[in-house]
Amino acid sequence: MTKKRILTGDRPTGSLHLGHYVGSIQNRVKLQNEGNEVFTIISDFQYLTDRLETKDVERNTLELLLDYLACGINPDTSPIFIQSKVPALAELFVYLSMLVPVSRAQQNPTVKEEVRATAKGKMSLGMLSFPVSQAADILAFDTDLVPVGEDQLPHIEQTREVARAFNRVYGETFKEPEALLSKVPRLMGLDANQKMSKSRGNAVFLSDSKDTVVKKIKTAVTDSGKEIMYDKENKPALANLLMMYHLFSGKEIKAVETMYEGKGYAEFKADLAEVVNAFLEPIRRAREEFAKDEAYLSLVLKQGTARASEESEKTMKRVRKAMRYDYPHIFH
Ligand code: ATP
Ligand code: MG
């Protein structure tokens, strides 16, 4: 297998949750362990799309870093970096944004959904254009594959479009990346009516304590009725909890249904909390270990950011040359 370039990341809006794990992190670690180059971006520009208050960004960045390391991202081979510390990404965003009609940007369904869910209906220019900023991140690294959750598909489509538009205008420069969806591209939240999200108060975080997990699952929304059965149509909340049980215990959903025949929601939920806690325990322990060494954590980010700058600069040389923005005669 030829080595692939992977780029993916998360907004520093909080720490990672179970949806991230099954939607993206699991694939990242697998791809890394198969020998591919996995770049992880902490998207602090994107942080600002639906909020301006920044007091938690640094702490959240640290939390993300701890989550990555605890889940098995190896920073020696897989750089972890901060978006705003790689200025080439902002430069590329400017160039790419000229290729995108505003009417096209306004069609992106995930942007509309985020505006509704977290930006209280207000759309800033930054919110409208963040898929193009994300396209810059992806294209700057000559990315082959982007392991993401379902909400990201419209952004990857926009990335491919803008790559084609650039290639048409300035000559073949970018390859078109592909999204890699996991088996569970959209884990629903504990409120059962939208995706699990860092910012919507409906998540089980990888860093949650045992007690918190028990409490959250106990109060998770369920459907009417008593029977423990997987029926996505009529019992979507329970179906999501059963899916979690399956994912974190490895037991088939049918087997779980059989186990809980004649039993109630309360018992099922208490057991689900145990299953989730057993899965999270090693992650919690690893997090605690990594958290002890601040100097190491800072080094990981510094080295990851240096490597990201170096790699994206290679692409940027090509981009500037294609655009004649290398000014070969008057700026050398
Ligand atoms: P926020 O609510 O602050 O935007 P988030 O939970 O949506 O946070 P992001 O940082 O926006 O997390 O997304 C990081 C990655 O995780 C993306 O690839 C996204 O598709 C994926 N992801 C997020 N939530 C889920 C989910 N519930 N199920 C599967 N994948 C998810
Ligand atoms: Mg999000």
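Because the structure is predicted, anything quoted here is derived from the model rather than measured.

## What about the overall build of the chain?
Within the chain one finds 13 helices and 5 strands. Against the compact-globule benchmark of 20 Å for 332 residues, the chain has a radius of gyration of 21 Å, which places it among compact chains. Each principal axis of the C-alpha distribution contributes one length, and for the chain these read about 80 × 45 × 45 Å. Going through the 332 residues of the chain one by one, you find that 53% of them count as buried. In the chain, once contacts between residues fewer than 6 apart in sequence are set aside, the share between residues at least 24 apart is 75%. Element-wise, carbon and sulfur atoms account for 54% of the exposed surface of the chain, whose accessible area totals about 16,200 Å². One way to put it: in the chain the 47 positive side-chain charges average out to a point 2 Å from where the 46 negative ones average out.

## Focus: the pairing of strand β5 (residues 178-181)
With 4 bridges joining them, strand β4 (residues 145-148) and β5 adopt parallel strand pairing. Residue L145 lies in a different strand from β5, and its bridge partner there is E178.

## A word on the site of ligand 1
Close contacts around ligand 1 come from 21 residues, with D151, K195, S197, K198 and S199 the closest. In this structure, a nitrogen atom belonging to ligand 1 sits 3.4 Å away from a main-chain N or O atom of G19. The separation between a nitrogen atom of ligand 1 and a polar main-chain atom of M196 is 2.9 Å. Compared with its free state, where it exposes 600 Å², ligand 1 has 97% of that area covered by protein. The biggest single contributor to the shell around ligand 1 is helix α1 (residues 18-33), with 3 residues. Across the shell around ligand 1, the residue classes break down as 5 nonpolar, 10 polar and 6 charged.

## Looking at the domain arrangement of the chain
Along its sequence, the chain is organised into domain 1 (5-186 + 293-323) and domain 2 (210-289). For domain 1 versus domain 2, the separation of C-alpha centres amounts to 31 Å. The interface of domain 1 with domain 2 comprises 11 residues on the first partner and 11 residues on the second. Here domain 1 meets domain 2 over a buried area of about 900 Å², counting both sides, of which 72% is carbon and sulfur. Inspection of the domain 1/domain 2 interface yields 2 salt bridges. Among the salt bridges present, the one from E63 reaches R287, with a minimum N-O distance of 2.7 Å. There are 2 residue pairs in polar contact (both at pLDDT 80 or more) connecting domain 1 and domain 2. Where the side of domain 1 that touches domain 2 is concerned, the elements lending two or more residues are α1 and α3 (57-71). The greatest single-element share of the side of domain 1 that touches domain 2, amounting to 5 residues, is contributed by α3. Here the residues of the side of domain 1 that touches domain 2 sort into 7 nonpolar, 1 polar and 3 charged.

What counts and how
Residues numbered from 1 in each chain as written. Chains lettered and ligands numbered in written order. Predicted model: local features only at pLDDT ≥ 70, side-chain atom pairs only at ≥ 80, totals over all residues. Heavy atoms only, no water. Helix = DSSP H or I, 4+ residues; strand = E, 2+ residues; numbered from the N terminus. Rg over C-alpha atoms; globule rule 2.2 N^0.38 Å. Buried < 20%, exposed > 50% of the residue type's maximum accessible area, 1.4 Å probe, protein only. Contact = heavy atoms within 4.5 Å. Areas by Shrake-Rupley, 256 points an atom, 1.4 Å probe, with all protein chains shown as cover. Lys, Arg positive; Asp, Glu negative; His and termini not counted. Charge placed at Lys NZ, Arg CZ, Asp CG, Glu CD. Pairing = 2+ DSSP bridges. Near = heavy atom within 4 Å. Polar contact = N/O pair within 3.5 Å; in protein donor to acceptor, adjacent residues only side chain to side chain. Nonpolar A, V, L, I, M, F, W, Y, C, P; charged D, E, K, R; others polar. Domains from an automatic or database assignment. Buried area = accessible area lost by both parts, 1.4 Å probe. Salt bridge = Lys/Arg side-chain N within 4 Å of Asp/Glu carboxyl O.

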